[in-house]
Amino acid sequence: DQLVGAHLDEVRALPTEFALNQNYPNPFNPETIIPFALPKQGDVRVSIYNILGQEILLLADGHKEAGFHRLIWDGKDLTGRSVGSGIYFIRMTATHFTDVRKMLLLK
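No experiment lies behind these values; they were computed from the predicted model shown.

1. With respect to the pattern of salt bridges
- Within the structure shown, the criterion is met by 4 salt bridges.
- Among the ionic pairs, Asp-61 bridges to Arg-45, the shortest N-O distance being 3.5 Å. Taken as a pair, Asp-61 in strand E4 (residues 55-64) and Arg-45 in strand E3 (residues 42-49) lie far apart in primary sequence, 16 residues in all.
- Of the residues examined, Asp-61 reaches a relative accessible area of 55% and is grouped as exposed.
- The exposure class of Arg-45 is partly exposed, given its relative accessible area of 30%.

2. Section: the side chain of Ser-47
- Here Ser-47 lies in strand E3.
- Sequence-distant contacts of Ser-47, that is, excluding residues within four places in its chain, are made with Glu-55, Leu-57, Leu-58, Leu-59, Phe-89, Ile-90 and Arg-91.

3. What to know about the sheet that holds strand E5 (residues 67-73)
- Read across the open sheet, the 3 strands follow the order E1-E2-E5; overall the sheet is antiparallel. If you trace the sheet from one side to the other, it starts and ends with strand E1 (19-20) and E5, each paired once.
- Sheet analysis places strand E2 (residues 32-38) next to E5, joined by 7 bridges and oriented antiparallel. Bridge pairing in E5 places Ala-37 opposite Phe-68.

Basis of the calculations
- Residues numbered from 1 in each chain as written.
- Predicted model: local features only at pLDDT ≥ 70, side-chain atom pairs only at ≥ 80, totals over all residues.
- Heavy atoms only, no water.
- Salt bridge = Lys/Arg side-chain N within 4 Å of Asp/Glu carboxyl O.
- Helix = DSSP H or I, 4+ residues; strand = E, 2+ residues; numbered from the N terminus.
- Buried < 20%, exposed > 50% of the residue type's maximum accessible area, 1.4 Å probe, protein only.
- Contact = heavy atoms within 4.5 Å.
- Pairing = 2+ DSSP bridges.

This is the structure:
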């Protein structure tokens, strides 16, 4: 019975739908956590865009297992330079799912 109960808890721990949750803290400085959920394994792409819609950093691009995940963005672009204060967007794309969240970097 204990093994069955433990197994049921593990199954309940998987998300039931794809989700890109709001980053925290928001506003942030110097870094922020970006949580997301995958109900099944698959390819995931998470990018950061500036207010002009230009991709400034690719945080994740590849296969991820089902479950709850999080990424950390340190406020730097793809060259490693710190970006300026302002509004940025997180975009997550996974199997038949796309979502965008807004975040604010304050220095």
